[in-house]
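# Remarks on the overall topology
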Amino acid sequence: MSTENEGTAVPPAPSAPPVPVDAPAAPAPEGQAQGPGPYGQDSRGQSAPGQGAPGDAAHHGVSSSAPDPSWPPPPPPTSPYGDGGSGSGGGWGSSYQQPAPKSGRGRGGLAAALLVAALVAGGLGGGLGYTLAKNNDDNSGSTTVSASSSGGDVKRDPGTVAGVAARALPSTVTIEAESTNGEGGTGTGFVFDKQGHIVTNNHVVAGAVDGGKLTATFPSGKKYDAQVVGHAQGYDVAVIKLKNAPSDLKPLTLGDSDKVAVGDATIAIGAPFGLSDTVTTGIISAKNRPVASSDGSGSQASYMSALQTDASINPGNSGGPLLDAQGNVIGINSAIQSTGNGGFGTGQSGSIGLGFAIPINQAEYVAQELIKTGKPVYAKIGASVSLEESSGGAQISKEGAGGAAAPVEPGGPAAKAGLKPGDVITKLDDRVIDSGPTLIGEIWTHQPGDKVTITYERDGKQHTVDVTLGSRVGDN
């Protein structure tokens, strides 16, 4: 069994992504679209369209300060291949409230603009030179055409795909994770620092967290045993550390995902279907795409405001770097949208040009926290939001999830800002919010202590208020 999510069902595509922040029109470097694929495996290792586990999402942006032992909630009653379903209830720090089934609804996503994705992982030109030799015998009119011994040197500038790949490949690894029961799979990771820390997806290494086995193999063939330093299920980010790490590690340079523009060239490196050190290219096809993805094992979903790319990403790419044209890491490939099974008899979904990556600005913060404490830290507003399929916004629940907590945490960020049960949040800063999961993904792009502006509706009237985000430690 692969460590990456598997699945094939495809929910309806969203009508439109949240309105992104105006990004400067950045020219596509080198004039060639290079593929940022979410690592062949939908932004996370192996492809498996996970149903956005509705209950889980709501809790990620709005929980009480005390971790709720029931979090994260179970996913909706759907197949591990992401067959439809919708959810409601749930909030940061409260237990998941299973929604009542609705009649007349198709296999919708969590929200109109929320994608439910599956978790996964140049030719050289040469001229034929020739010379024309004339026979020394003046009486002979014959000539001889001979091929040159060399077609000339091929120059690969640093800014070309080949140049970027040559620099980045030595700092990427193929990860093999095996659980205590012998099940395992393959994903990807990249060197984060000289101390031997490797960043990857949580779903790549989750099976090896409790007593399992991890190895990381470099393109040179050198293999190292590794151990999990920390993992964040909600973010789908994990950090592992090499045992007896070499002294010559070269961390990849991290870029600025906030400055990425649609149309920018991208390059993805990973191990699709176990084919290590594979390089694919594409472009950034969208930003701030709300994505809910699961690992296909019936566990909780993860939520992100993702970078979307058309680079080829397949199972095994999960956890690999998505690079810009200069070789800077701008995202971690984590999930893909897929239309069905297929691929080398594995029954896993393949790339259709819709891959999703966790923005590196968010992933860097998460990785640093995991290295420091071994536990993830989530930003929160301190309120439960409905996970019902909707396009009108994220409604603060009128009752606490499962009755275990108040819908608005007393003394929490939302309460201090005057938000009340029933309020419908429609914007966070300049991002349009069309559902609870979208709100969660946007909140998680921030850090605790950040001040955000929330626009909400109450009794048909629109209001705006500033909220200082609180924090929650751990996935439970």
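Note that the structure is a prediction, hence the values are computed from the model and not measured.

## Observations concerning the pairing of strand S8 (residues 213-217)
With four of its five residues buried, S8 lies for the most part within the structure. As paired elements, strand S5 (residues 172-178) and S8 share five bridges and run antiparallel to each other. When the bridges of S8 are listed, Ile-175 appears paired with Ala-216. As paired elements, S8 and strand S9 (residues 223-232) share four bridges and run antiparallel to each other. Bridging across to S9, Thr-215 finds its partner in Asp-225. Joining the antiparallel neighbours S8 and S9 is a turn of five residues, in which Gly-221 adopts a positive phi near 100 degrees.

## Focus: the nonpolar core
By size, the foremost hydrophobic cluster in this structure holds 59 residues, and its most contacted members are Tyr-235, Leu-323, Ile-381, Ile-425, Leu-439, Ile-443 and Ile-454. When residues in this core are grouped by element, the largest group, six residues, is from helix H4 (residues 360-373). When residues no more than four places from it in sequence are discounted, the contact partners of Tyr-235 are Ile-358, Gln-362, Tyr-365, Val-366, Pro-376, Val-377, Tyr-378, Ala-379 and Trp-444. Grouped together as the second largest cluster of nonpolar side chains are 17 residues, Ile-175, Val-205, Ala-226 and Leu-249 included.

## Structural notes on the sheet that holds strand S6 (residues 184-191)
With antiparallel pairing, six strands are arranged side by side around a closed barrel as S5-S6-S7-S10-S9-S8. With strand direction ignored, the average angle separating the axes of adjacent strands in the sheet is 40 degrees. As judged from the four bridges shared by strand S7 (residues 197-200) and strand S10 (residues 237-242), these two strands associate in the antiparallel manner. Bridge assignment links Thr-200 to a residue of S10, and that residue is Ala-238.

## Quick look at unusual backbone geometry
Notably, Asn-244 is not glycine yet its phi reads approximately 55 degrees, a positive angle. Relative to the helices and strands, Asn-244 resides in the loop between S10 and strand S11 (265-270). In this structure, Asp-277 is a non-glycine residue whose phi angle is positive, near 60 degrees. The topology assignment puts Asp-277 in the loop between S11 and strand S12 (278-294). For Asp-277, a relative accessible area of 30% corresponds to the partly exposed category.

## Topic: the confidence of the model for the protein chain
On average, residues of the protein chain score 74 in pLDDT, and 63% of them reach the 70 mark or higher. The model gives residues 1-113 a pLDDT under 50, and that stretch makes 524 contacts with residues more than four places away or in other chains.

Definitions and limits used
Residues numbered from 1 in each chain as written. Predicted model: local features only at pLDDT ≥ 70, side-chain atom pairs only at ≥ 80, totals over all residues. Heavy atoms only, no water. Buried < 20%, exposed > 50% of the residue type's maximum accessible area, 1.4 Å probe, protein only. Helix = DSSP H or I, 4+ residues; strand = E, 2+ residues; numbered from the N terminus. Pairing = 2+ DSSP bridges. Core = buried A, V, L, I, M, F, W, Y, C linked by side-chain atoms within 4.5 Å. Contact = heavy atoms within 4.5 Å. Axes fitted to C-alpha atoms, helices over the stretch in contact; angles between N-to-C directions. pLDDT = per-residue confidence, 0-100.

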